[in-house]
Amino acid sequence: MNIAVLSRGENLYSTQSLIKAGEKRNHDIEVIDPTYCNVMIQKNKALLQYHDEIVDDLHAVIPRIASSNTFYGTSLVRHFEAMKVFSTVSSFGILEAQDKWATFQILASAGIPMPKTTLGSHYYLADFLKDFGEGPVIIKLVSGTHGSGVILCENYKNALSTVETLQSTQTKFVMQEYIEESKGSDIRIIVVDGKVVASMKRKAAAGDFRSNLHRGGSGNPIDLSDAEKEIAIKAAEVLKLGVCGVDILQSKKGPLLLEVNSTPGLEGIETITGIDVAGKIIEYIEKMVNSK
Ligand SMILES: Nc1ncnc2c1ncn2[C@@H]1O[C@H](COP(=O)(O)OP(=O)(O)OP(=O)(O)O)[C@@H](O)[C@H]1O
């Protein structure tokens, strides 16, 4: 099978892990850098040129689109969809998962539990902010990643000045209930082909409330409850993501969805759990392409 990883980082752990897993199963696996792709429509047909060659022999693609490249990255994946090349994630899923607010709107309609969240519009925010009370509130950028752009405001006054600053720079953000009892930890679940294949509990470094491994957090494998599994599987299904990372906070009210990542990093989860997630992704591709 001819498989391409759509990635700008050939040497990144995740890309290399996918290459190794593909080669181990005797597939031809290459890395396509989205920046060198030219997408065109000619005679009502979607055509793709990579460097100076037309690409027409791929069976599947594994998009690893950075959040900084959502517009062109999504357009490229949509192009592969038009060319009937199997993609592990849909262009719809990449687009919506990149926007935390859009994710929440879509998943709320599917009945998935989430922390109380309000979009930071440009009007009357002082009033909406009061809704979160005098205590701590989380303010986060709609397109933040790796924990940057997530602010814990200790009280209403801190929150108000943060919100006013973001408004003045026209930055898109949400205000969110702070789930104090999660105590600086969250759960990362990897879903492949509608099944949970790996999960870990991440804990923030001392003094931080963000459990991202990129921020010095640490992780341990975890056995999930049925409710946690159900949230992850449902979120992946609704967002049409054959592969994704689903982050969950454990709260007094039960598990709450935090976000969905259409390009989950593989290094942390494979190292911490010892599970060959890349291999599961290749098996998923084999199943889908062979059933066509
Ligand atoms: N409402 C909340 N209550 C408590 N902790 C939170 C809340 N929101 C975020 N956190 C903490 O901050 C971390 C980063 O938040 P979030 O996952 O929303 O940001 P991100 O930048 O998108 O991270 P990622 O790299 O996983 O995409 C979470 O892993 C969690 O530990």
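Not measured: the values here are computed from a predicted model.

About the thresholds
Residues numbered from 1 in each chain as written. Predicted model: local features only at pLDDT ≥ 70, side-chain atom pairs only at ≥ 80, totals over all residues. Domains from an automatic or database assignment. Contact = placed C-beta atoms within 7 Å. Nonpolar A, V, L, I, M, F, W, Y, C, P; charged D, E, K, R; others polar. Pairing = 2+ DSSP bridges. Helix = DSSP H or I, 4+ residues; strand = E, 2+ residues; numbered from the N terminus. Buried ≥ 20, exposed ≤ 12 C-beta atoms within 10 Å, placed from the backbone. Arc of directions from axis to C-beta. Axes fitted to C-alpha atoms, helices over the stretch in contact; angles between N-to-C directions. Near = placed C-beta within 6 Å. Core = buried A, V, L, I, M, F, W, Y, C linked by C-beta atoms within 7 Å. Expected span 1.5 Å × (residues − 1).

On domain assignment, one finds that the protein holds domain 1 (2-87), domain 2 (96-113 + 181-282) and domain 3 (117-178). Each of domain 2 and domain 3 was reduced to a C-alpha centroid, and the two centroids are 23 Å apart. Counting residues at the interface gives ten residues for domain 2 and ten residues for domain 3. For the side of domain 2 that touches domain 3, a count of residues per class yields three nonpolar, three polar and four charged.

For the rest of this paragraph, the subject is the pairing of strand β10 (residues 148-153). It is a general feature of regular strands that their side chains alternate between the two faces of the sheet. Of the strand pairs in this sheet, strand β9 (residues 137-145) and β10 are connected by five bridges, and their pairing is antiparallel. Following the sheet pairing, Ile139 is matched in β10 by Ile151. Count of turn residues in the β9/β10 antiparallel hairpin: two residues, of which His146 carries a positive phi of about 55°.

To continue, consider helix α4 (residues 100-108). Within the span of α4, buried status applies to Lys100, Thr103, Phe104 and Leu107. Taken down its axis, α4 places every buried residue within 95° of arc, on the same side. Here the buried face of α4 lies against α3 (91-97), β8 (117-120), β9, β11 (173-177), α7 (226-238) and β16 (254-261).

The next point concerns the sheet that holds strand β4 (residues 45-50). Strand pairing in a sheet relies on backbone hydrogen bonds, with the paired strands running either antiparallel or parallel. The three strands are arranged β3-β4-β5 in an open sheet whose pairing can be described as antiparallel. The open sheet has two free edges, formed respectively by β3 (37-42) and β5 (53-54), since each of these has just one partner strand. Together, β3 and β4 form the strand contacts of helix α2 (residues 70-82), whose direction differs from that of β3 by roughly 45°.

Bringing the sheet that holds β11 into the picture now. The strand order β8-β11-β9-β10 describes an open sheet built from four strands, whose pairing is antiparallel. Only two strands of the sheet have a single partner each, and these edge strands are β8 and β10. Mean inter-strand twist for the sheet, computed between neighbouring axes without regard to direction, equals 20°. Most of the contacts of α4 go to β9, to which it runs at about 105°, and overall it touches β8, β9 and β11.

Neighbouring the ligand are 25 residues; Ile138, His146, Ile179, Arg210 and Ser211 lie closest to it. Counting residues per element, the shell around the ligand draws most heavily on β9, at four residues. A domain-level breakdown of the shell around the ligand finds at least three residues from each of domain 2 (96-113 + 181-282) and domain 3 (117-178).

The next thing to look at is the nonpolar core. Judged by nonpolar contacts, the single largest core of 56 residues is most densely connected at Ala235, Val246, Leu257 and Ile281. In terms of residue count, helix α9 (residues 277-290) provides more of this core than any other element does, six residues in total. When residues are assigned to domains, this core turns out to be shared by domain 1 (2-87) and domain 2 (96-113 + 181-282), each giving three or more. Discounting residues that sit within four places of it in the chain, Leu257 has contacts with Leu107, Ile112, Pro113, Met114, Ile231, Ala235, Val246 and Ile248. In this structure, Leu125, Leu129, Val137 and Met175 belong to the second largest nonpolar core, which totals twelve residues.

Looking now at α7. Residue pairs three or four apart in sequence face the same way in an α-helix, which turns once every 3.6 residues. End to end, α7 covers 18 Å across 13 residues, agreeing with the expected 18 Å (1.5 Å per residue, within 8%). Residues of α7 that are buried include every one of Glu228, Ile231, Ala232, Ala235 and Ala236, and no others. Seen along its axis, α7 keeps its buried residues to an arc of 125°; they face one direction. Residues Asp226 and Ala227 are exposed on α7 and point more than 90 degrees away from its buried face. Residues of α7 that are buried sit in contact with α4, β12 (185-192), β13 (195-203), β15 (243-251) and β16. Just past α7, the residue Lys240 takes up positive phi, approximately 55°.

Our focus in this paragraph is the pairing of β9. Bridge analysis of β9 against β11 gives five bridges, and the strand direction is antiparallel. Among the inter-strand pairings, Lys140 is bridged to a residue of β11, identified as Val174.

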